[in-house]
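What follows is the residue order along each chain.
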Amino acid sequence: GEDTACDPQQGVNAANLLASQGVTAIAGYYCSGAALPSITIYHRKDIPTMITGAIDTQITQMGYPQVFRSIGTDLQEAQAAANLMANTLHYTKVAIISDHSAFGVQEATSTNQLLVKDGVSIVLDTAISTGQTDFGAVVSQLNSDGAQAVWFTGYFPEGGLLAKQLAASGSKVQFIGADSNLDPHFISIAGTSVAEKAIITAEPVSSQTPSAQPFIAAYQKMFNSPPGPYSSYQYSGTKALILAIKAANSTQRRRNSAGADLRHV
């Protein structure tokens, strides 16, 4: 296994290394920014790839027959988030903040379009930098622009700090984070009292999925700790690849006289 560190260049380096090692199949990727350039490498090397965490719609819209996913897309999340803000919470003024990442920008853009379609006014649409720690200027703008909520599509290190500093300002603006904020570290960064008031949109997490309960029990027994929010998607994606290998009775990536095509079993 290799760590992409959610960085596009490091993701490419890891993909090239794995491809050079002749791996049979790939399962993983949490960040879309690292996944997008990597899947082109796997496509060229004809390596079956299961994306288990990254949700950028483009990942499976590039037409690569080797690329699959065991998780939903950012467009599906954007639709759920927009519906929540416009039709459940009945917000009429929303601010949108991304972080320049592939996922963050795509999620922000999709949600913006859907909110506007629902008659919601976007009072602020901006981006922060990865690694930024001072959100004073953004918080001041949120408080002065009349936003009822801020939809944040960056990741939890910045999301936790933004939520914390927004609350510390005495703001009544509701923090709503994309699934990139669904992480225990968001709570430790923002603080329990702030995190309890935050809203996070996400796919069903492992603990909320009935069919994942046997997996959760086995994981807890083996590692003496609960699985992460997306662990069940990694497990399902990896299991699908293993079952494909068993069904093909081969680890060959292409169809040949010896067996079936792993990509299409």
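Right above here is the structure, for reference.
So, a few notes on the structure that sits alongside this text. (Residues numbered from 1 in each chain as written. Predicted model: local features only at pLDDT ≥ 70, side-chain atom pairs only at ≥ 80, totals over all residues. Heavy atoms only, no water.)

**Observations concerning the overall build of the protein chain**
Of regular secondary structure, the protein chain possesses 10 helices and 8 strands. Its C-alpha atoms give the protein chain a radius of gyration of 20 Å, near enough to 18 Å, the size a compact globule of 265 residues would have. Counting only C-alpha atoms, the protein chain reaches 70 × 40 × 35 Å along its principal axes. Here the protein chain holds 265 residues, and the buried ones make up 47% of them. Long-range pairs, those at least 24 residues apart, make up 62% of the contacts in the protein chain between residues at least 6 apart in sequence. Per element, the accessible surface of the protein chain, about 12800 Å² overall, is 53% carbon and sulfur. For the protein chain, the separation between the mean place of its 15 positive charges and that of its 19 negative charges on side chains is 10 Å. (Helix = DSSP H or I, 4+ residues; strand = E, 2+ residues; numbered from the N terminus. Rg over C-alpha atoms; globule rule 2.2 N^0.38 Å. Buried < 20%, exposed > 50% of the residue type's maximum accessible area, 1.4 Å probe, protein only. Contact = heavy atoms within 4.5 Å. Areas by Shrake-Rupley, 256 points an atom, 1.4 Å probe, with all protein chains shown as cover. Lys, Arg positive; Asp, Glu negative; His and termini not counted. Charge placed at Lys NZ, Arg CZ, Asp CG, Glu CD.)

**Considerations on helix α6 (residues 156–168)**
Its 13 residues give α6 an end-to-end C-alpha distance of 18 Å, which sits within 8% of 18 Å, the value for a rise of 1.5 Å per residue. Looking only at α6, the buried set comprises F156, E158, G159, G160, L162, A163 and L166. Contact partners of the buried residues in α6: β4 (93–98), α5 (136–144), β6 (149–152), β7 (174–177), α7 (184–190) and α8 (192–195). One or two residues past the end of α6 sits G170, with phi positive at roughly 85°. (Expected span 1.5 Å × (residues − 1).)

**Remarks on the packing of aromatic side chains**
Enumeration over the complete set of coordinates arrives at 10 aromatic pairs. Following the ring pairs from residue to residue traces out a cluster consisting of Y30, F103, Y155, Y230 and Y233. (Phe/Tyr/Trp six-rings, centres within 6.5 Å; stacked < 30°, edge-to-face > 60°.)

**A word on the state of the cysteines**
Applying the stated criterion across every chain, the model contains 1 disulfide. Disulfide pairing places C6 opposite C31 at an S-S distance of 1.8 Å. Sign of the S-S torsion, about 60° for the bond between C6 and C31, identifies this disulfide as right-handed. Of this pair, C6 sits in the segment before α1 (8–20) while C31 sits in the loop between β1 (26–28) and α2 (32–44), and the two are 25 residues apart along the sequence. (Disulfide = S-S within 2.5 Å.)

**What about the nonpolar core?**
Membership of the largest hydrophobic core comes to 22 residues, with the highest contact counts inside it found for I97, L142, V150, L162, F175 and F186. Of all elements in the fold, only β4, α5, β6, α6, α7 and α8 reach the threshold of two or more residues within this core. With 4 residues, α6 is the largest single contributor of residues to this core. Those residues in contact with V150 that sit more than four places away from it in its chain are A95, I97, L142, L166, V173, Q174, F175 and I176. Grouped together as the second largest cluster of nonpolar side chains are 21 residues, C31, A86, A149 and A178 included. (Core = buried A, V, L, I, M, F, W, Y, C linked by side-chain atoms within 4.5 Å.)

**Quick look at the sheet that holds β6**
Pairing is parallel across the open sheet formed by 5 strands, whose spatial order is β5-β4-β6-β7-β8. Only two strands of the sheet have a single neighbouring strand rather than two, namely β5 (121–127) and β8 (199–200). Sheet analysis places β7 next to β8, joined by 2 bridges and oriented parallel. When the bridges of β8 are listed, I176 appears paired with I199. Strand contacts of helix α3 (residues 74–88): β4, β6, β7 and β8, with the helix running at about 175° to β6, the strand carrying the most contacts. (Pairing = 2+ DSSP bridges. Axes fitted to C-alpha atoms, helices over the stretch in contact; angles between N-to-C directions.)

**Looking at the pairing of β6**
Alternating positions in β6 separate into two faces, A149 and W151 on one and V150 and F152 on the other, with burial throughout. In this sheet, β6 lies alongside β4 in parallel orientation, the contact comprising 4 bridges. Bridging across to β6, A95 finds its partner in V150.

**Topic: the environment of A80**
With respect to the helices, strands and loops of the structure, A80 is situated in helix α3. Counting along the chain gives 31 residues from A80 to T111, while the straight-line C-alpha distance between them is 9.1 Å.

**Here we look at the packing of α3 against helix α4 (residues 102–117)**
How two helices pack is summed up by the angle between their axes together with the distance between the axes. Contact pair α3 / α4: the axes reach a minimum separation of 9 Å and the direction vectors enclose 45°. When the interaxial angle is binned, α3 and α4 end up oblique. Judged by the twist between their axes, the crossing of α3 over α4 is right-handed. Contacts from D74, L75, E77, A78, Q79, A82, M85 and A86 in α3 reach F103, Q106, E107, S110, T111, L114 and L115 in α4. Residue composition of the contact of α3 with α4, grouped by class: 8 nonpolar, 4 polar and 3 charged. (Parallel < 35°, antiparallel > 145°, perpendicular 65-115°, else oblique. Left-handed = near helix turned anticlockwise from the far one by under 90°. Nonpolar A, V, L, I, M, F, W, Y, C, P; charged D, E, K, R; others polar.)

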